[in-house]
Amino acid sequence: MTTLDTDLRPPEPSRLVVLWQRYRRNRAALLGLFLFVIVVLMALTAGLVAPGDPLGRAGEPLTAPFVDAATPLGTDQLGRDIFAGLFYGARISLLVGVVATLISIAIGIVIGALSGYFGGWVDDVLMRITEAFQTIPNFVLLLTLVAILGSRIEWITLAIGIVSWTAPARMVRAEFMSLRNREFVDAARNLGVSNTALIFREILPNALPPIIVYASVIMALSILLESALAFLGLGDPNYASWGNMIGQGRAVLRTAWYCAAIPGIAIVLTVLSFSLLGEGLNDALNPRQKQT
């Protein structure tokens, strides 16, 4: 091939472009992305769409949806605007989901990387600790931590992250065990690269794709766990959250079903968006897995 022919070839698309092309082939994943964008926009525009205190009284108690223009989705038994609660609740859901996921992924990466890279007694000790955490149901452990730490949203988020790290740790361990003896790792080790650099510069970037995919699962579970705590009355009462709205709406479920149903639908759609996002990311990052 001549130099002229080489110059005339179109440039190869970047990695991000390739990933987007793979992602958009999955129509369900596009739906998940659309729903996720809606939730993000709700969180960002809550102060503009529904200014004021979402926990303050906005009208007569138990106003039905589409009756009063000031409260288009109605009010709860205390007269609070359900429409405003939806928008501000999106902030809490995303905050809890993102921060708890980062905490659990960070713990899982450290535990899994050390276990998978060093093996031996380090692997035995860390895996016994992981198994000890796995013997306790996540929600039971979460209830215990919240009872100890308190019901502030910061402590709830931290507790959710603590109870969610075991699965990422096992995933990272498996990836490290399959990568630690590869040629590029041996070459870097022969050049005198430290273990820390080998773990975080050489191996971890190659182990990230399945972790990124699983992060969407943790985000969905984090939102469900926070909602379950709030439903039981263990949420932070100083913030409007979808779980708090459902928990308070169950007292009037027979007479004003919308108080619990509307935030419940919001939770279902948000969790669905993360599930579909994870499916699309898996197709984009692991195209061979779908073919097999």
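To start, this report covers the structure provided alongside it.

1. Description of the overall build of the chain
Across its full length, the chain carries 14 helices and 0 strands. Listing every helix and strand of the chain by position from the N terminus yields α-α-α-α-α-α-α-α-α-α-α-α-α-α. The principal-axis extents of the C-alpha atoms in the chain amount to approximately 75 × 55 × 35 Å. In the chain, which comprises 292 residues, the share counted as buried stands at 43%.

2. Let's talk about the side chain of T130
Tracing the backbone through its elements, the reader meets T130 in helix α6 (residues 120-134). Take T130: its relative accessible area is 0%, and that puts it in the buried class. Ignoring any residue separated from it by four or fewer positions in sequence, one finds T130 in contact with I111, W165, T166 and R170.

3. With respect to unusual backbone geometry
Even without a glycine there, the phi angle at L62 is positive, about 55°. Structurally, L62 can be placed in the loop between α4 (46-49) and α5 (82-118). Backbone geometry places F66, a non-glycine residue, at a positive phi of 60°. As for its placement among the helices and strands, F66 is situated in the loop between α4 and α5. Residue classification places F66 among the exposed positions, given a relative accessible area of 73%.

4. A short note on a nonpolar patch on the surface
Together, L95, V98, V99 and L102 line one region of the surface with nonpolar side chains, adding up to about 320 Å² of accessible area. Among the structural elements, V98 can be located in helix α5.

5. Digging into the pattern of salt bridges
Within this structure, the stated rule accounts for 7 salt bridges. Note that R57 and E60 form a salt bridge whose closest N and O atoms lie 3.6 Å from each other. Both residues of the pair, R57 and E60, count as exposed. Here D186 makes a salt bridge to R189, at a shortest N to O gap of 2.8 Å. In this pair, D186 and R189 both sit in helix α10 (residues 183-190), 3 residues apart, roughly one turn of the helix. Three or more residues joined by partner-sharing salt bridges are found here, namely R128, E131 and R170.

6. So, the side chain of D76
Mapped onto the elements, D76 comes out in the loop between α4 and α5. Since its relative accessible area comes to 10%, D76 is described here as buried. A polar atom in the side chain of D76 sits 3.0 Å from the backbone nitrogen of L78. Here R80 takes part through its backbone nitrogen, which lies 2.8 Å from a polar atom of the side chain of D76.

7. Let's talk about the environment of L225
Relative to the assigned elements, L225 resides in helix α11 (residues 195-231). Under the relative-accessibility criterion, L225 is labelled buried at 14%. Along the sequence, L225 and G112 sit 113 residues apart, while their C-alpha atoms lie 24 Å from each other. With near-sequence residues (within four places) excluded, L225 lies in contact with F139, L142, I160 and V163.

8. Things to note about the nonpolar core
Counting residues in hydrophobic clusters, the biggest one holds 37 residues, and the most contacted among them are I82, L86, W242 and F274. Among the secondary structure elements, those contributing two or more residues to this core are α2 (15-23), α3 (27-44), α5, α11, α12 (242-249) and α13 (258-285). For this core, the element with the most residues is α13, which contributes 11 residues. With near-sequence residues (within four places) excluded, I82 lies in contact with L73, G74, T75, D76, M245, Y258, C259 and I262. Core analysis: the second largest hydrophobic core is formed by 16 residues, I109, I199, I211 and I218 among them.

9. Focus: the packing of helix α8 (residues 153-163) against α11
Axis separation between α8 and α11 bottoms out at 10 Å; the angle between their running directions is 130°. Put simply, α8 runs oblique to α11. In this structure, α8 crosses over α11, and the sense of that crossing is right-handed. In this structure, α8 contributes I156, I160 and V163 to the contact, and α11 contributes S222, L225, E226 and L229. In terms of residue class, the contact of α8 with α11 is built from 5 nonpolar, 1 polar and 1 charged.

10. Examining the packing of aromatic side chains
By the definition in use, this model includes 6 aromatic pairs. Across the ring face of F231, the terminal group of R250 is positioned such that the distance to the ring centre comes to 4.6 Å.

11. Structural notes on α3
Given a rise of 1.5 Å per residue, 18 residues ought to cover 26 Å, and the 26 Å separating the end C-alpha atoms of α3 matches this to within 8%. Listing the buried residues of α3 in full gives A29, G32, L35, V39, M42 and A43. Taken end-on, α3 shows its buried residues confined to a sector of 140°, consistent with a single buried face. In α3, the exposed residues that point more than 90 degrees away from the buried face are R27, F34 and L44. Buried residues belonging to α3 abut α2, α4, α5, α12 and α13.

So, how was this worked out
- Residues numbered from 1 in each chain as written.
- Predicted model: local features only at pLDDT ≥ 70, side-chain atom pairs only at ≥ 80, totals over all residues.
- Heavy atoms only, no water.
- Helix = DSSP H or I, 4+ residues; strand = E, 2+ residues; numbered from the N terminus.
- Buried < 20%, exposed > 50% of the residue type's maximum accessible area, 1.4 Å probe, protein only.
- Contact = heavy atoms within 4.5 Å.
- Patch = residues over 30% accessible without salt bridge, like charges linked within 9 Å, V, L, I, M, F, W, Y side chains within 5 Å.
- Areas by Shrake-Rupley, 256 points an atom, 1.4 Å probe, with all protein chains shown as cover.
- Salt bridge = Lys/Arg side-chain N within 4 Å of Asp/Glu carboxyl O.
- Polar contact = N/O pair within 3.5 Å; in protein donor to acceptor, adjacent residues only side chain to side chain.
- Core = buried A, V, L, I, M, F, W, Y, C linked by side-chain atoms within 4.5 Å.
- Axes fitted to C-alpha atoms, helices over the stretch in contact; angles between N-to-C directions.
- Parallel < 35°, antiparallel > 145°, perpendicular 65-115°, else oblique.
- Left-handed = near helix turned anticlockwise from the far one by under 90°.
- Nonpolar A, V, L, I, M, F, W, Y, C, P; charged D, E, K, R; others polar.
- Phe/Tyr/Trp six-rings, centres within 6.5 Å; stacked < 30°, edge-to-face > 60°.
- Lys NZ or Arg CZ within 6 Å of the ring centre and 35° of its normal.
- Expected span 1.5 Å × (residues − 1).
- Arc of directions from axis to C-beta.

Distances and angles like these do not, on their own, reveal function.
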